[in-house]
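A look at the structure
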Amino acid sequence: MSHDQPKSKFVGREPRSSLILYHLFKWSVVSPMLHIYFRGRIYGAEKVPQSGPLVVVSNHASDFDPPIVSNCMRRPVAFMAKEELFQVPVLKDAIRLYGAYPVKRGSADRSAMRSALSYLEQGWATGLFLQGTRTPDGRITDPKLGAALIAAKAKAPILPVSLWGTQAIVKKGSLLPKPVPVTIRIGELMEPPSSSDREELERVTNHCTEAINAMLDLGR
């Protein structure tokens, strides 16, 4: 299981307002839900670099995935979030403080790319879902090249993460999350693409996809 480093280790890298919200939300909501309610298992937490820019990529099957991934990294992760969430009063301010930044789904959003690169330049970890949207079983079948492109431009290493079981947290018509078992596996750190050429981006993206799906196949 993962254990956070001392809070002071983050100071000077992420804004203090984001750190306060990160720790408050993590220890009061996310961590108890993950470890107790979802009986979370976390493998490979020791592989997460605790300093420097980092691109975290994972599969995606639930709206619970971003805080779960961030919780397991032992450091804040700035996630791309669909722009509709930034139109919700109160929520938009909270997720901005937490490091989220908007992206237009289904389009090449240059402003989201700039935000991701800006966070990486400040030493943040930034998180992206490799397929860009949720899949019913969590498997990645149609990966996008955005994460690899961001890693190439920032020269930031890539960390593949698999989320097993999150697709069952919320069922259609259900108002409350179900107490289903959840497993998070953190893979081996990968070097960023050597260039922004499409062939190189596809190679790295396919490598990430294979690694995540292989960890997903390990199950609980």
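Rules used in this analysis
- Residues numbered from 1 in each chain as written.
- Predicted model: local features only at pLDDT ≥ 70, side-chain atom pairs only at ≥ 80, totals over all residues.
- Heavy atoms only, no water.
- UniProt positions renumbered as here; feature names shortened; annotations may be inferred.
- Helix = DSSP H or I, 4+ residues; strand = E, 2+ residues; numbered from the N terminus.
- Buried < 20%, exposed > 50% of the residue type's maximum accessible area, 1.4 Å probe, protein only.

Per an unreviewed UniProt entry, the protein carries the name 1-acyl-sn-glycerol-3-phosphate acyltransferase and comes from Planktothricoides raciborskii GIHE-MW2. UniProt, in the comment section headed Catalytic activity (unreviewed entry), describes the protein in these words: "a 1-acyl-sn-glycero-3-phosphate + an acyl-CoA = a 1,2-diacyl-sn-glycero-3-phosphate + CoA". Note on the protein: under the UniProt heading Sequence similarities (unreviewed entry), the record states "Belongs to the 1-acyl-sn-glycerol-3-phosphate acyltransferase family."

Concerning unusual backbone geometry
At Arg39, a position not held by glycine, the phi torsion is positive, near 50°. Among the secondary structure elements, Arg39 is positioned in the loop between helix H1 (16–37) and strand E1 (41–43). Overall, the relative accessible area of 43% leaves Arg39 in the partly exposed class. At Lys155, a residue that is not glycine, the phi angle is positive and equals roughly 55°. Within the secondary structure, Lys155 is located in the loop between helix H5 (146–154) and strand E6 (158–164).

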